[in-house]
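Letter by letter, the chains look like this.
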Amino acid sequence: MVVPLAWIADYHYFNGNAFIFGLLYIWCKKCPFEKVQFLFGFIVTSAYLPWILLVYDLIIGGSIVPNLIGIAAGHTYIFLKDILPNSHRINVLKTPKFFEKLVLKAKGYKPVPGNIGGRFQQAPPEPQGWRPFQGQGVRLQ
C-alpha cells in the first residue's frame, strides 16, 4: 500500500521511511495505551507517537511527506483489515485459500481424510534419530 501512495505523492525514490512509519502507526493503533519514551526521557502514550514524530520532523526541518504517506498507508490497512470486516462484513484483505493450504503443507500439516471443509491436522512426527542442526531442545530462562 505504501508504494502506490508514494508514487502519487512523487516520493518514489526511497520508501523505507514511509514503510516504517506505516508499521509504527499500525502498532500504535493496536496498542494505544503503551507508554513510550521519546527524546530525553519524555514519556508519551503510544496513541500520540506518530503525530509527535511528525511534528518533530517538521520542527527539525525534515520532510513530512514520507511520514504522511506511512500514516495514510497504515490507516488504510487498519480500515480494510479491522474496521470494514466488522462493520459491513466485507473482508478485502482475506488470505486466499490456495496460499493457506500451501503454507500449511509446508509446515507439515496434511488434510483430514474425508473432510470437505479443508481442515488440516498435523502430520505424524518423524522417527527420532540424529538430524543435523537439531540441538538439544534446552529452553533458556
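These figures come from a predicted structure and were not determined experimentally.

Enquirer: Looking at this structure, I do not really get the overall build of the protein. What am I missing?
Expert: Looking only at helices and strands, the protein features five helices and four strands. Counting over 141 residues, the protein shows a buried share of 21%. Counting contacts in the protein only where the partners sit at least 6 residues apart, residues at least 24 apart contribute 38% of the total. Surface exposure of the protein reaches about 11,200 Å², of which carbon and sulfur atoms provide 64%.

Enquirer: Teacher, can you tell me more about the packing of helix α3 (residues 49-59) against helix α4 (residues 65-88) here?
Expert: Packed helices, taken two at a time, are described by the angle their axes make and the gap between the axes. Relative orientation of the contacting elements α3 and α4 amounts to 165°, with a least axis distance of 10 Å. What the angle tells us is that α3 and α4 run roughly antiparallel. For α3 against α4, the interelement crossing comes out left-handed. Across the interface between the two elements, Pro50, Trp51, Leu53, Leu54 and Asp57 of α3 pack against Asn67, Leu68 and Ile71 of α4.

Enquirer: Teacher, can you tell me more about the pattern of salt bridges here?
Expert: Side chains that differ in sign of charge can pair as their charged atoms come close. What the rule picks out here adds up to two salt bridges. Here Lys97 and Glu100 are joined by a salt bridge, their closest N and O atoms 3.6 Å apart. Of this pair, Lys97 and Glu100 both sit in helix α5 (residues 97-106), separated by three residues, roughly a single helical turn. We classify Glu100 as partly exposed; its relative accessible area is 31%.

Enquirer: Before we go on, may I ask you to explain α3 in this structure?
Expert: A turn of α-helix holds 3.6 residues, and therefore any two residues three or four places apart point the same way. All buried positions along α3 are accounted for by Leu49, Pro50, Leu54 and Asp57. Projected onto a plane normal to the axis of α3, the buried residues spread over an arc of 140° and lie on a single side. Of the exposed residues in α3, those oriented more than 90 degrees away from the buried face are Leu58 and Ile59. Contact partners of the buried residues in α3: α2 (16-30), β1 (35-37), β2 (43-45) and α4.

Enquirer: What's the story with unusual backbone geometry in this structure? I'm lost.
Expert: With the exception of glycine, most residues fall at negative phi, and the peptide bonds are largely trans. Phi angles above zero are rare outside glycine, and Phe40 is one such case at about 55°. Examined against the element boundaries, Phe40 turns out to sit in the loop between β1 and β2. Of note, the phi angle at Arg89 is positive, near 60°, even though the residue is not glycine. With respect to the helices and strands, Arg89 occurs in the loop between α4 and α5.

Enquirer: What is the right way to read a nonpolar patch on the surface from this model?
Expert: A cluster of nonpolar residues, Leu39, Phe40, Phe42, Val55, Tyr56, Ile59 and Ile60, forms a patch on the protein surface that exposes about 780 Å² of accessible area. Examined against the element boundaries, Ile59 turns out to sit in helix α3. The exposure class assigned to Ile59 is exposed, which follows from its relative accessible area of 67%.

Enquirer: Quick question: what am I supposed to make of the side chain of Ser46 here?
Expert: With respect to the secondary-structure elements, Ser46 resides in the loop between β2 and α3. Classification of Ser46 as buried rests on a relative accessible area of 0%. Other than its neighbours up to four places away in sequence, Ser46 contacts Trp27, Cys28, Cys31, Pro32, Phe33, Glu34 and Val36.

Cut-offs used in this document
- Residues numbered from 1 in each chain as written.
- Predicted model: local features only at pLDDT ≥ 70, side-chain atom pairs only at ≥ 80, totals over all residues.
- Heavy atoms only, no water.
- Helix = DSSP H or I, 4+ residues; strand = E, 2+ residues; numbered from the N terminus.
- Buried < 20%, exposed > 50% of the residue type's maximum accessible area, 1.4 Å probe, protein only.
- Contact = heavy atoms within 4.5 Å.
- Areas by Shrake-Rupley, 256 points an atom, 1.4 Å probe, with all protein chains shown as cover.
- Axes fitted to C-alpha atoms, helices over the stretch in contact; angles between N-to-C directions.
- Parallel < 35°, antiparallel > 145°, perpendicular 65-115°, else oblique.
- Left-handed = near helix turned anticlockwise from the far one by under 90°.
- Salt bridge = Lys/Arg side-chain N within 4 Å of Asp/Glu carboxyl O.
- Arc of directions from axis to C-beta.
- Patch = residues over 30% accessible without salt bridge, like charges linked within 9 Å, V, L, I, M, F, W, Y side chains within 5 Å.

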